[in-house]
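This is what each chain is made of:
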Amino acid sequence: MKPVYERFIENPDFTKPDFVELIKCAEDPEAVRRLKEEAVRIREIYYGKKVFTRGLIEYTNYCKNDCYYCGIRKSNTNAKRYRLTEDEIMACCENGYELGFRTFVLQGGEDAYYTDDRMVAIIKKIKEAYPECALTLSIGEKSYESYKRFREAGADRYLLRHETANEEHYRKLHPEKMSLAVRKNCLYDLKKLGYQVGAGMMVGSPYQTTEDLAEDLVFLKELQPEMVGIGPFIPHHDTQFAKRTGRKCGDDTVFARCDPNPAAEGTSSGNDSTWDDGSAWKRERAAGRSQCRDAEPFSGENRKQYELYDNKICTGEEAAECRGCMGRRVASVGYELVTERGDAV
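Residues numbered from 1 in each chain as written. Predicted model: local features only at pLDDT ≥ 70, side-chain atom pairs only at ≥ 80, totals over all residues. Heavy atoms only, no water.

A.B. asks: Explain the packing of helix H4 (residues 86–99) against helix H5 (residues 116–129) residue by residue, including any values.
C.D. replies: One can describe the packing of H4 onto H5 by two numbers: an axis separation of 11 Å at closest approach and a directional angle of 30°. Judged by the inter-axis angle, H4 sits roughly parallel to H5. As H4 runs across H5, the sense of the crossing is right-handed. Note on element contacts: H5 touches H4 through Ala121, Ile122, Lys125, Ile126 and Ala129, opposite Glu86, Asp87, Ile89, Met90 and Cys93. Tallied by class, residues from the contact of H4 with H5 come to seven nonpolar, no polar and three charged. (Axes fitted to C-alpha atoms, helices over the stretch in contact; angles between N-to-C directions. Helix = DSSP H or I, 4+ residues; strand = E, 2+ residues; numbered from the N terminus. Parallel < 35°, antiparallel > 145°, perpendicular 65-115°, else oblique. Left-handed = near helix turned anticlockwise from the far one by under 90°. Contact = heavy atoms within 4.5 Å. Nonpolar A, V, L, I, M, F, W, Y, C, P; charged D, E, K, R; others polar.)

A.B. asks: Pulling in residues and values, what's your account of the environment of Phe14?
C.D. replies: Mapped onto the secondary structure, Phe14 falls in the loop between helix H1 (4–10) and helix H2 (16–23). Setting aside its immediate chain neighbours within four residues, Phe14 contacts Val4, Arg7, Phe8, Phe19, Leu22 and Lys221.

A.B. asks: Which residues make up the pattern of salt bridges, and what values do they have?
C.D. replies: With the rule as written, the count across this model stands at 26 salt bridges. The salt bridge involving Lys221 is made with Asp13; its shortest N-O contact spans 3.1 Å. Taken together, the positions of Lys221 in helix H9 (residues 210–223) and Asp13 in the loop between H1 and H2 put the pair 208 residues apart, joining distant regions of the chain. Taking the relative accessible area as the measure of exposure, Asp13 reaches 54% and is therefore exposed. The salt bridge involving Lys191 is made with Glu226; its shortest N-O contact spans 3.3 Å. Pair noted here: Lys191 is in helix H8 (residues 180–192) and Glu226 is in the loop between H9 and strand S6 (227–232), with a separation of 35 residues, a long-range link. Several salt bridges converge on common partners, so that one network encompasses Glu6, Glu30, Arg33, Arg34 and Glu37. (Salt bridge = Lys/Arg side-chain N within 4 Å of Asp/Glu carboxyl O. Buried < 20%, exposed > 50% of the residue type's maximum accessible area, 1.4 Å probe, protein only.)

A.B. asks: Can you tell me about H4, naming the residues and giving the values?
C.D. replies: For H4, built from 14 residues, the straight-helix expectation of 20 Å at 1.5 Å per residue is met to within 8% by its first-to-last C-alpha distance of 20 Å. When we look at burial in H4, the residues that qualify are Ile89, Met90, Cys92, Cys93 and Gly96. Along the long axis of H4, the arc covered by the buried residues comes to 150°, so they all point the same way. Along H4, the residues that are exposed and aim more than 90 degrees away from the buried face are Asp87 and Glu98. Residues of H4 that are buried sit in contact with strand S1 (50–60), strand S2 (103–108) and H5. Gly100 sits one or two residues past H4 and shows a positive phi near 110°. (Expected span 1.5 Å × (residues − 1). Arc of directions from axis to C-beta.)

Put into C-alpha cells, the structure is as follows:
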C-alpha cells in the first residue's frame, strides 16, 4: 500500500481517521518534503509567484469576551485599552494605500462601542474613498442581520477563525457563556451572504490532540472557506496559559492540498514570522503557504497595545520600512510582492 501522504496527494478527500494518520507524518522528512512540493505546485497554478499584502488596522482592543488564551480578554486588567476614531482609521487607509496595500482589514475585539451604525458608516466611507480596494472585517461574532448590513455597506471579506472544531477542546479554551455552535453558525451565515470567508485554527494550543487537528481539517473541508488562517499557539504572559510552550505549525501544507484555491492558505497576524529565527520565509515558500502577509499601516503606540500574544514582530517599525523588508524577503525566495487585492480564484 502507498504511504498515506502519497494517497492524500492523489485524492485529498480524507476522513478524520485518514487525517489523523496523515498528521502523524509530520516527523517523516520524506512525507514533509513531498507535501511541501505538492503545496508549491498547487499554489503556483493559482497564484504564480505573487504574494499579496493586507493593511491591518487594529482599531480597538476592547473586547467583551474572555477567551482564556487571549491577551486582550476582558478580564486582563493589565491591558492598555484604546479605540481609533473614524478619522484615525481613514488616515490608516490613506497611508496604507500610498504604500501599496489594496486590501484593508478592520480588526478588533468585540467592542460594543462600535455599534452596527458606526461600523456601517466606517465601511461606507472606506469603500467610497477606495472603491478598488477589498475591505475585510475581523470583528467577531455578530447576528445574521448585522453581517447583512456590513455586506450591503460594502464589506467584501470576513475573518472569523473557529480556533478549534472540537467541542470538548473548545470548552477548555473558552468560558461557559461562549459557544462553538454559535461560532460555526456565524461562519455559515457569512457564506450565505456572499462574503469571502476566512476560518482557521491555532496549532499547539493547550490540550489539543492530533484528533482535534484532524477534526479541524474535516470542518474546513466541509465549510470550504475562501481564506484559512493556520497559526501556532503563542502564549501571552497575562493569561492562564502563560507558562505553556508554543509551537510552530506545519499543517498548512496539508490544507493547501485539501483545498487548493483559497486566497490565503495560511493567513495570520504575523504568527509564523513571530518565530523570527531567519528561516520563516524559506518555510513559507517550501510550504506554498503565503499568499497574504499582514502589515499594519497605522504606526504608533496602539500597535503595541493590540497584543493577542507575546513577542509580536513589526510593532515598532514604520509601515514603509516593514513593507520594504517584506518585499526583500519575498524576493529572496523567488516570489514577488504585488499591489493587488488578491481575491480567491
